[in-house]
Amino acid sequence: QSLSIRALHEDAQGVIWVGTADAGVCRISADSHRQYTEQDGLVNNDVRAVLQDLDGKVWIATSQGLCVLSNNVFHVIG
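Residues numbered from 1 in each chain as written. Predicted model: local features only at pLDDT ≥ 70, side-chain atom pairs only at ≥ 80, totals over all residues. Heavy atoms only, no water.

Trainee: Report on unusual backbone geometry, specifying residues and quantitative values.
Mentor: The backbone of Asn71 sits at a positive phi, close to 55 degrees, despite the residue not being glycine. Note on placement: Asn71 falls in the loop between β7 (65-70) and β8 (73-76). Residue Asn71 is classed as exposed on the basis of its relative accessible area, which comes to 73%. The phi torsion at Asn72 lies on the positive side, around 65 degrees, for a residue other than glycine. Inspection of the secondary structure puts Asn72 in the loop between β7 and β8. (Helix = DSSP H or I, 4+ residues; strand = E, 2+ residues; numbered from the N terminus. Buried < 20%, exposed > 50% of the residue type's maximum accessible area, 1.4 Å probe, protein only.)

Written out as structure tokens, the structure reads:
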């Protein structure tokens, strides 16, 4: 299965975040990987942008709204 990549971001810890068109966002580190989708609390699986702020929170913009991942919990912003 191929993924349509819409966003890439490397955070301060060297973790790569891959936003996809319909499969949510993937977190890839040197020793693990994890996919986050709507089932995990992501607003929508169509990810358009990913950015880490100075506090270490990861902001994820989707076609249906914005959310922030903080302490492994998604919070819907809008």
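Having seen it, we continue.
Trainee: Can you explain the pattern of salt bridges? Please cite residues and give values.
Mentor: For the structure shown, the criterion picks out 3 salt bridges. Here Arg6 makes a salt bridge to Asp46, at a shortest N to O gap of 2.6 Å. One end of the pair, Arg6, is in strand β1 (residues 5-10); the other, Asp46, is in the loop between β4 (33-36) and β5 (47-52), and 40 residues separate them in sequence. Taking relative accessible area as the criterion, Arg6 reaches 40% and is therefore assigned partly exposed. In this structure, the salt-bridge partner of Arg34 is Asp40, at a minimum N-O distance of 2.9 Å. The exposure class assigned to Asp40 is partly exposed, which follows from its relative accessible area of 33%. A cluster of three or more residues bridged by salt bridges with shared partners is formed by Arg6, Asp46 and Arg48. (Salt bridge = Lys/Arg side-chain N within 4 Å of Asp/Glu carboxyl O.)

Treat this as a map of the structure, not an account of what it does.
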